[in-house]
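Working through the structure, step by step
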Amino acid sequence: PCERTDWVSHTLVTCKVPAGFGASRNVSLWTEVTDAAVVYGALTYDTPVIRQVTPTHGPIVGGNATVLGVNFGGYPVAATGVSDGDKASTVTWVSDSALVATTPTDDGSSIDLSISLSGDDGHTQ
């Protein structure tokens, strides 16, 4: 739902959307005298972006890495991670700009980290 709405005229209503994530989200409008009007796929949030992972080196037995960026969602979301193709990482949502990933045991080589976000409504980014 909108955090705030302003009725500008009989043809224009503004809505302050809450923080979130996802693409092609539906927008609905209800009034006291009409059923909901829905515009399907009308809203797309900016894509999550990873800007920094620290530390850049860690022990081969695994550990924690802080993932900093933007657009991770404005409320606690489920986050999952995959390192090095198939080794799962536990990811904890901290804020719209921070996640903590517990990295798996590895052989000491470089690994790639991919993170997927999913909200209560099932949308995944």
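Residues numbered from 1 in each chain as written. Predicted model: local features only at pLDDT ≥ 70, side-chain atom pairs only at ≥ 80, totals over all residues. Heavy atoms only, no water.

Moving on, we get to the nonpolar core. One finds Phe21, Val67, Phe72, Val91, Trp93, Leu99, Ala101, Ile115 and Leu117 forming the largest nonpolar core, which totals nine residues. Among the secondary structure elements, those contributing two or more residues to this core are strand S8 (87-95), strand S9 (98-103) and strand S10 (113-118). Excluding its chain neighbours within four sequence positions, the residues that come into contact with Leu99 are Ala65, Thr66, Val67, Phe72, Val91, Thr92, Trp93, Val94, Ile115 and Leu117. (Core = buried A, V, L, I, M, F, W, Y, C linked by side-chain atoms within 4.5 Å. Buried < 20%, exposed > 50% of the residue type's maximum accessible area, 1.4 Å probe, protein only. Helix = DSSP H or I, 4+ residues; strand = E, 2+ residues; numbered from the N terminus. Contact = heavy atoms within 4.5 Å.)

Before going further, it helps to examine the side chain of Asn71. Note on placement: Asn71 falls in the loop between strand S6 (63-70) and strand S7 (78-83). A distance of 3.2 Å separates a polar atom in the side chain of Asn71 from the backbone oxygen of Thr47. Once residues lying within four places of it in the same chain are set aside, the contact partners of Asn71 are Phe21, Asp46, Thr47, Pro48, Asp96 and Leu117. (Polar contact = N/O pair within 3.5 Å; in protein donor to acceptor, adjacent residues only side chain to side chain.)

Turning next to the confidence of the model for the protein. Where the model shows low pLDDT, its predicted coordinates should not be examined in detail. On average, residues of the protein score 76 in pLDDT, and 78% of them are at 70 or above. Of all secondary-structure elements in the protein, the lowest mean pLDDT belongs to S7, at 64, while strand S1 (residues 4-9) reaches the highest, 88. Residue range residues 120-125 is modelled with pLDDT below 50. Its contacts to residues more than four positions away, or to other chains, number 18 contacts. (pLDDT = per-residue confidence, 0-100.)

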